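Here is how the chains run, residue by residue.
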Amino acid sequence: MAAPSAAQERVFRKRGAPAPFVPEPVAYRNAPRAKPLVDELSAVLSKLVRRDEHSWLYEPFDPARPELYAPTQLAARAAVVPPPLHFCTLRERLGAGAYVDVAAFRADFLAVVDGAAERNAPSTAVHSASVRLRAYGLDELARAEARAVKRAQQQRDADERRRHARARRPSPVSYTH
């Protein structure tokens, strides 16, 4: 049954009768409910941002607005990451659909953390935070990639089951004698 039109809705409301119930289409029950890659990478990026305790790598340094930063952070933030590489840019690119696989996201992530580590002395908090974040991020990205591979395999298996189920259906001609 098709959903009622706007005119039919008005008629139902005028008569005082409820509109007919139109059930939502039922999804294939055995299909895997997988997260799209964008959601998976967005979750990884959120974990990375939470892990970056002092937000060293979250946004670009803005020397025109020093009131945004604590005095101890001003000197350290000046050379953290050159524009446009920071977590905000990764989030914007993710929202724009620039990442088609985990490897592309990993390359930009490594550019952010390696750039911060290279531009800061090893004794600074920014350098040690970027090294720790690099190790944590690579672990998270490896897990995300494993989930993506598993999701793709499940999708292939589900497609194969559907294809075989259709092939096993008897044709209507075979029952006629």
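The rules behind these values
Residues numbered from 1 in each chain as written. Predicted model: local features only at pLDDT ≥ 70, side-chain atom pairs only at ≥ 80, totals over all residues. Heavy atoms only, no water. Helix = DSSP H or I, 4+ residues; strand = E, 2+ residues; numbered from the N terminus. Buried < 20%, exposed > 50% of the residue type's maximum accessible area, 1.4 Å probe, protein only. Contact = heavy atoms within 4.5 Å. Areas by Shrake-Rupley, 256 points an atom, 1.4 Å probe, with all protein chains shown as cover. Core = buried A, V, L, I, M, F, W, Y, C linked by side-chain atoms within 4.5 Å. 1 Å grid on protein atoms, 1.4 Å probe; cavity = no way out; pocket = protein on both sides within 12 Å on 5 of 7 lines; lining within 4 Å. Points joined across faces, edges and corners; volume = space filled by probe spheres on them. Nonpolar A, V, L, I, M, F, W, Y, C, P; charged D, E, K, R; others polar. Phe/Tyr/Trp six-rings, centres within 6.5 Å; stacked < 30°, edge-to-face > 60°. Lys NZ or Arg CZ within 6 Å of the ring centre and 35° of its normal. Axes fitted to C-alpha atoms, helices over the stretch in contact; angles between N-to-C directions. Parallel < 35°, antiparallel > 145°, perpendicular 65-115°, else oblique. Left-handed = near helix turned anticlockwise from the far one by under 90°. Salt bridge = Lys/Arg side-chain N within 4 Å of Asp/Glu carboxyl O.

Here we come to the overall build of the chain. Counting its regular elements, the chain contains six helices and zero strands. Its helices and strands in sequence order give the chain the pattern α-α-α-α-α-α, from N to C terminus. Relative to its full complement of 177 residues, the chain shows a buried share of 27%. For the chain, contacts bridging at least 24 residues in sequence account for 63% of all contacts bridging at least 6. A total accessible area of about 11900 Å² is found for the chain, and carbon and sulfur atoms account for 57% of it.

The subject of this paragraph is the nonpolar core. As a rule of thumb, nonpolar side chains are buried together in soluble globular proteins. Counting residues in each nonpolar core, the largest one holds 24 residues, and the members touching the most others are Leu41, Leu57, Phe87 and Phe105. Elements represented by at least two residues in this core include exactly helix H2 (37–51), helix H4 (87–96), helix H5 (102–118) and helix H6 (125–168). Counting residues per element, this core draws most heavily on H5, at seven residues. Once you skip the residues sitting within four places of it in the chain, phenylalanine 105 turns out to touch Leu41, Val44, Leu45, Leu90, Tyr99 and Leu141.

Turning our attention to the layout of surface pockets. Of the volumes computed, that of the largest pocket is approximately 160 Å³. Looking at the largest pocket, the residues that line it are Arg51, Asp52, Glu53, His54, Trp56, Ala125, Ala129, Arg132, Leu133 and Tyr136. The element that contributes the greatest number of residues to the lining of the largest pocket is H6, accounting for five residues. For the lining of the largest pocket, a count of residues per class yields five nonpolar, one polar and four charged.

So, on to the packing of aromatic side chains. Under the counting rule described, the total for this entry stands at one aromatic pair. Both rings, one in tyrosine 99 and one in phenylalanine 105, keep their centres 5.2 Å apart while their planes meet at 85°; by these two values the pair is edge-to-face. Here the two residues tyrosine 99 and phenylalanine 105 agree in accessibility, since each one is buried. When the ring centre of tyrosine 136 is taken as origin, the NZ or CZ atom of arginine 51, which lies over that ring, is 3.9 Å away.

The N-to-C vectors of H2 and H4 enclose an angle of 170°; their axes lie 10 Å apart at closest approach. One finds that H2 runs roughly antiparallel with respect to H4. Read as a crossing pair, H2 and H4 show a hand that is left-handed. In this structure, H2 contributes Val38, Leu41, Ser42, Leu45, Ser46, Leu48 and Val49 to the contact, and H4 contributes Phe87, Leu90, Arg91 and Leu94. Across the contact of H2 with H4, the residue classes break down as eight nonpolar, two polar and one charged.

This model, assessed by the stated rule, comprises nine salt bridges. Note that arginine 151 is salt-bridged to glutamate 40, the shortest N-O span being 3.8 Å. Here the residue arginine 151 occupies a position in helix H6, and glutamate 40 occupies one in helix H2, the gap between them amounting to 111 residues. Accessibility classification places arginine 151 together with glutamate 40 in one group, the buried group. Glutamate 140 serves as the salt-bridge partner of arginine 143, at 2.5 Å between the closest nitrogen and oxygen. Here arginine 143 and its partner glutamate 140 are both found in helix H6, three residues apart, which amounts to about one turn of the helix. Of the residues examined, glutamate 140 reaches a relative accessible area of 5% and is grouped as buried.

Once that is clear, we can look at the packing of H2 against H5. Running from N to C, H2 and H5 point in directions that differ by 25°, and their axes come no closer than 11 Å. In terms of their interaxial angle, H2 and H5 are classed as roughly parallel. Two packed elements cross with a definite hand, and for H2 against H5 that hand is right-handed. Along its contact with H2, which presents Leu37, Leu41, Val44, Leu45 and Leu48, the element H5 presents Val102, Phe105 and Phe109. Looking at side-chain class alone, the contact of H2 with H5 contains eight nonpolar, no polar and no charged residues.

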